[in-house]
Amino acid sequence: MSIGLVLEGGAMRGLYTAGVIDVFLENNIEVDGVIGVSAGVLFGVNYLSKQKGRVLRYNKKFVKDKRYMGMWSLITTGNIISKDFSFYEMPYKLDVFDDEEYKKSKTKMYATVTNVETGKPEYMKLDSVFEQMEILRATSAMPFVSKFVELDGNKYLDGGISDSIPVDKCKEMGYDKIIVVLTRPIEYRKKKESKALIDMFYKKHPNLAETLKNRHMNYNSSVEKVIDLENKKEIFVIRPSKTLKIKRIEKDTDKLQAMYDLGVEDCKNKLEELMMYLKK
């Protein structure tokens with residue numbers, strides 16, 4: 001039996017995921033493969049490196065630092081999440097990511113990215129965070145507030161544009177049991193984005209623009225599919241049990257802590273049920 005783990009993105013809502021994976025680490029819950037999207041990748045790699053508490057720690061420490069993320073970074077670098085500080089200084093020097101432990105993990109990690117020219121998702125295997133840091137940048141490069149990230153001659157943006165909840169890909173990869181960690185409560189449905197804004201930014205990339213215009217429909221369809229599979233007991237879902245108001249680029253450390261704590265609480269409340277699902 002092989003176990004797959006799907007991690008939705010959502011920028012700072014991903015602190016919920018951080019809480020869940022820390023409970024997994026506490027209880028020695030192991031999986032064979034992880035497919036993450038955006039923040040699901042940025043935070044999820046700490047599950048493989050076994051660095052419990054790191055996601056919450058560095059976010060609370062640096063979230064108010066203008067070098068990390070926000071309007072200052074957007075204005076000065078063109079990226080709302082800074083490249084140099086967030087991806088190269090912080091994980092290498094300030095709160096060091098354990099890439100050696102990550103590479104020892106038997107769990108495979110895949111990052112979902114969106115190809116700018118095709119508008120379609122691609123799934124890139126992450127064998128080393130430090131050696132493939134640009135993939136982490138690509139999966140989390142939010143539209144409208146990020147520059148394209150170039151990998152092997154192709155340009156990419158946030159994986160959530162084209163496949164926010166890659167359950168189908170996880171099934172396609174052959175995993176028998178699938179755990180899905182969402183960052184929105186069950187009643188949430190995405191609203192459509194401004195077509196005028198999309199055309200203004202991406203008129204030279206029509207396939208990407210079309211994917212963005214259909215994003216809300218594709219996301220909501222994925223949510224319905226997840227609910228259906230969950231009801232059929234084919235997958236196991238952990239999602240926020242209540243709505244917490246938190247911005248994508250949240251600066252309030254109390255709200256970050258609350259989102260993390262909710263992930264911990266919800267996961268602990270579902271542990272027994274999860275163990276039963278995995279043993280069946």
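Peer 1: Could you give an account of the state of the cysteines, naming the residues involved and the relevant values?
Peer 2: Per the stated rule, a full pass over the model turns up zero disulfides. No disulfide involves Cys 267; its sulfur sits 17 Å from the nearest other cysteine sulfur, which is in Cys 170. Its relative accessible area of 1% is what places Cys 267 among the buried residues.

Peer 1: Give me helix α3 (residues 54–62): which residues, what numbers.
Peer 2: Within the sequence span of α3, burial applies to Arg 54, Val 55, Leu 56, Tyr 58, Asn 59 and Phe 62. Among the structural elements, α1 (15–26), α2 (39–48), α5 (84–94) and α12 (253–279) are those in contact with the buried residues of α3.

Peer 1: Hey, could you go over the packing of aromatic side chains for me, with residue numbers and the actual values?
Peer 2: Per the counting criterion, the structure on display carries 13 aromatic pairs. Ring centres 6.1 Å apart and planes at 65° place the aromatic pair Phe 24 and Tyr 47 in the edge-to-face group. Remark: Tyr 47 occurs in helix α2 and Phe 24 occurs in helix α1; sequence separation between them is 23 residues. Judged by its relative accessible area of 1%, Phe 24 is buried. The buried category is assigned to Tyr 47, whose relative accessible area is 6%. One Lys or Arg, Arg 184, reaches over the ring of Tyr 188 and ends 3.9 Å from the middle of that ring. Positioned above the aromatic ring of Tyr 219, the side-chain terminus of Lys 190 is 5.0 Å from the ring centre.

Peer 1: Before we move on, could you go through the side chain of Arg 137 and cite the residues and values that matter?
Peer 2: Checked against the element boundaries, Arg 137 lands in helix α7 (residues 133–139). Residue Arg 137 is classed as buried on the basis of its relative accessible area of 12%. Polar side-chain contacts of Arg 137 include one of 3.0 Å to the side chain of Glu 134.

Peer 1: How would you summarise unusual backbone geometry if you had to cite specific residues and measurements?
Peer 2: A positive phi angle is found at Asn 28, which is not glycine, with a value near 55°. Topologically, Asn 28 is positioned in the loop between α1 and β2 (33–37). One non-glycine residue, Lys 233, lies in the positive phi region at around 65°. Position of Lys 233 relative to the elements: it lies in the loop between α11 (215–231) and β8 (236–238). Using a relative accessible area of 60% as the deciding quantity, one classes Lys 233 as exposed.

Peer 1: Let's hear about helix α10 (residues 206–213): which residues, and what values?
Peer 2: Looking only at α10, the buried set comprises Leu 208, Ala 209, Thr 211 and Leu 212. All buried residues of α10 project into a common sector of 160° when viewed along the axis, lining one side. On its buried face, α10 is in contact with β3 (108–115), β6 (154–158), α9 (195–202) and α11.

Peer 1: Run through the packing of α1 against α2, naming residues and quoting values.
Peer 2: Contact pair α1 / α2: the axes reach a minimum separation of 9 Å and the direction vectors enclose 10°. By the angle between their axes, α1 is roughly parallel relative to α2. Listed contacts from α2 to Leu 15, Ile 21, Phe 24 and Leu 25 of α1 are Phe 43, Gly 44, Asn 46 and Tyr 47.

Peer 1: Provide a residue-level description of the environment of Lys 192, including the pertinent values.
Peer 2: For Lys 192, the location among the structural elements is in the loop between β7 (177–181) and α9. Here the alpha-carbon distance between Lys 192 and Leu 212, two residues 20 residues apart in the chain, equals 8.7 Å.

Peer 1: How would you explain the environment of Ala 138 if you had to name every residue and give the values?
Peer 2: Relative to the helices and strands, Ala 138 is located in helix α7. Using a relative accessible area of 0% as the deciding quantity, one classes Ala 138 as buried. With residues near it in sequence (within four places) discarded, Ala 138 still touches Val 113, Val 149, Leu 151, Tyr 156, Leu 157 and Asp 158.

About the criteria used
Residues numbered from 1 in each chain as written. Predicted model: local features only at pLDDT ≥ 70, side-chain atom pairs only at ≥ 80, totals over all residues. Heavy atoms only, no water. Disulfide = S-S within 2.5 Å. Buried < 20%, exposed > 50% of the residue type's maximum accessible area, 1.4 Å probe, protein only. Helix = DSSP H or I, 4+ residues; strand = E, 2+ residues; numbered from the N terminus. Contact = heavy atoms within 4.5 Å. Phe/Tyr/Trp six-rings, centres within 6.5 Å; stacked < 30°, edge-to-face > 60°. Lys NZ or Arg CZ within 6 Å of the ring centre and 35° of its normal. Polar contact = N/O pair within 3.5 Å; in protein donor to acceptor, adjacent residues only side chain to side chain. Arc of directions from axis to C-beta. Axes fitted to C-alpha atoms, helices over the stretch in contact; angles between N-to-C directions. Parallel < 35°, antiparallel > 145°, perpendicular 65-115°, else oblique.

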